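If you want the building blocks of each chain, they are given just below.
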Amino acid sequence: MRYIKELSNRNRIVSENTCKAFYKPSDSSHYTIKFVLSGVEKCIINKREISIFPDSFAMLNTGTDYNSVIDSITPVNTISLSFDTNFVSDFNDAHRLTDNALLDGKSNQSPLFIETLYPFVGDIHYNVMNLKNQLDRGVDNEMLMNEYLYHCLLNYYGVYQKEVVQKLSKLSFTKAKTKEEILKRLAVAKDYINSNYDKNVLLEDISACCCLSVNHLLRTFKEAYGISPYQYLMQLRISRAKYLLKSTDYPLSEIVCLIGFENTSSFIRLFKQTTKMTPAKFRKEHYV
């Protein structure tokens, strides 16, 4: 089932619940934020593949060439918010320019965001879920829809501040352009781990995908994210395991394989160390 709401200001909401889909937008003149509420959606961005799970979302700039693929035995629930370029530029001006500049009619160019996976938590999760509930109830009020879109964009700016701006300040480089380039490459490395966490991930593979040497990757990744690539991978695997324990009845041995662990006992030991409970107890307390 697919729902498309095109607003008069060219903002657009697309909600879908399906097992199979291929989507390639014919019009790339929008900024698009893609969310997955259940399941997984693969997104190919400029020939780079990322996997979007319910704990993350992806931001795509205007003009970005991409396509999305869903191929699952169970329905995947997604929602995409597409913002007209003028809407985002005006929003950006209203939150970045001084009052005098706004009154003088001065305007910045359309912003360019780092196209990567961001954590789907906090206020942006709250607003998107409320928007989805409104859509499911059949609410079709354009003013209300635009208010939700405004708040979701505002929430995204907050996430961007934390995930990009603050991490740029942690990198030990003098030039701003160098910091931006390094963080873009680190974002590629992070997305590679997110999309391949269930495989035997090697530092050399991560290094090659983001065009940083292994030692350069290790140093800058720790500076930006506060943990090493290996620690990030372990945290991600535990997060995916939690999702599977809560949302499926898969046996533990299958979950261990699905998240890339080879040994069940070592997984249980790490899970207990991280969550202070066994996988069985976690499932008993959180299974939906």
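Preceding block: the structure.
Every value quoted in this text rests on a predicted model; they were computed, and no experiment measured them.

**Re unusual backbone geometry**
Reasoning step 1: Look at Arg 10: it is not a glycine, yet its phi comes out positive at around 75°.
Reasoning step 2: For Arg 10, a relative accessible area of 36% gives the class partly exposed.
Reasoning step 3: The phi dihedral of Lys 47 falls on the positive side, at around 75°, and the residue is not glycine.
Reasoning step 4: Among the structural elements, Lys 47 can be located in the loop between β4 (41-45) and β5 (48-52).
Reasoning step 5: Under the relative-accessibility criterion, Lys 47 is labelled exposed at 84%.

**Quick look at the environment of Leu 203**
Reasoning step 1: One can find Leu 203 in helix α6 (residues 203-210).
Reasoning step 2: Residue classification places Leu 203 among the partly exposed residues on the basis of a relative accessible area of 30%.
Reasoning step 3: Residues Leu 203 and Tyr 230 lie 27 residues apart in sequence; the distance between their C-alpha atoms is 8.5 Å.
Reasoning step 4: Ignoring any residue separated from it by four or fewer positions in sequence, one finds Leu 203 in contact with Val 214, Leu 217, Leu 218 and Pro 229.

**Some details on the side chain of Gln 134**
Reasoning step 1: Note on placement: Gln 134 falls in helix α3 (residues 122-136).
Reasoning step 2: Under the relative-accessibility criterion, Gln 134 is labelled buried at 14%.
Reasoning step 3: With near-sequence residues (within four places) excluded, Gln 134 lies in contact with Val 139, Leu 144, Met 145 and Tyr 148.

**Here we look at the state of the cysteines**
Simply put, disulfide is the name for a covalent bond between the sulfur atoms of two cysteines.
Reasoning step 1: Tallied over the entire structure, the rule returns 0 disulfides.
Reasoning step 2: This cysteine, Cys 19, is not joined by any disulfide, and Cys 43 carries the nearest cysteine sulfur, 19 Å off.
Reasoning step 3: Take Cys 19: its relative accessible area is 26%, and that puts it in the partly exposed class.
Reasoning step 4: Unpaired in this structure, Cys 209 has its nearest cysteine sulfur neighbour in Cys 210, at a distance of 4.9 Å.
Reasoning step 5: On the accessibility criterion, Cys 209 (28% relative accessible area) is partly exposed.

**Considering α6**
Reasoning step 1: Taken residue by residue, α6 has Ile 206, Ser 207 and Cys 210 as its buried positions. For α6, the buried positions fall inside an angular range of 100° around the axis, keeping them on one side. Seen from the open side of α6, the exposed residues pointing more than 90 degrees away from its buried face are Glu 204 and Ala 208.
Reasoning step 2: Those residues of α6 hidden inside the fold are in contact with α5 (176-196), α7 (214-225) and α8 (229-247).

**Brief notes about the packing of aromatic side chains**
Reasoning step 1: Under the criterion given, the structure shown has 22 aromatic pairs.
Reasoning step 2: Considering the side-chain rings of Phe 57 and Tyr 156, the 6.1 Å spacing of their centres and the 75° angle between planes classify their relative orientation as edge-to-face. Placement of Phe 57 in strand β6 (residues 56-60) and of Tyr 156 in helix α4 (residues 142-170) is noted, with a sequence separation of 99 residues between them.
Reasoning step 3: On the basis of relative accessible area, Tyr 156 is assigned to the buried category, the value being 0%.
Reasoning step 4: A centroid spacing of 5.6 Å and a plane angle of 80° characterise the contact between Phe 271 and Phe 282, whose relative ring orientation is edge-to-face. Separated by 11 residues along the polypeptide, Phe 271 in helix α10 (residues 264-275) and Phe 282 in helix α11 (residues 279-286) bring together distant segments of the chain.
Reasoning step 5: On the accessibility criterion, Phe 271 (0% relative accessible area) is buried.
Reasoning step 6: These aromatic residues form a ring-pair network of at least three members: Tyr 31, Phe 35, Phe 57, Phe 91, Phe 113, Tyr 118, Phe 120, Tyr 150, Tyr 156, Tyr 157 and Tyr 160.
Reasoning step 7: Across from the ring centre of Phe 261, 5.6 Å away, lies the NZ or CZ of Arg 237, which sits over that ring.
Reasoning step 8: Positioned over the ring face of Phe 53 is Arg 240, at 3.9 Å from the centre of the ring.

Cut-offs and rules
- Counting from 1, residues in each chain are numbered in the order their sequence is written.
- Confidence filtering applies because this is a predicted model: local features only for residues at pLDDT of at least 70, side-chain atom pairs given and counted only at 80 or more, and all residues used for totals across whole chains, interfaces and linings.
- The basis for the side-chain values is all heavy atoms of the structure; hydrogens and waters are excluded.
- When a residue's accessible area, from a 1.4 Å probe over protein chains only, is under 20% of the maximum for its type it is buried; when over 50% it is exposed; and in between it is partly exposed.
- Only DSSP runs of H or I covering at least 4 residues are called helices, and only runs of E covering at least 2 are called strands; the numbering of each starts at the N terminus.
- Two residues form a contact once any of their heavy atoms are found within 4.5 Å.
- When the sulfur atoms of two cysteines come within 2.5 Å, that pair is taken as a disulfide.
- An arc is given here, and it is the one of the directions from the helix axis to the C-beta atoms.
- For this analysis, a ring pair means two rings from Phe, Tyr or Trp (six-membered ring only for Trp) whose centres lie within 6.5 Å, classed as stacked if their planes differ by under 30 degrees, edge-to-face if by over 60, and tilted for the remaining angles.
- Placement of a positive charge over a ring is assigned whenever Lys NZ or Arg CZ falls within 6 Å of the ring centre and within 35 degrees of the normal to the ring plane.

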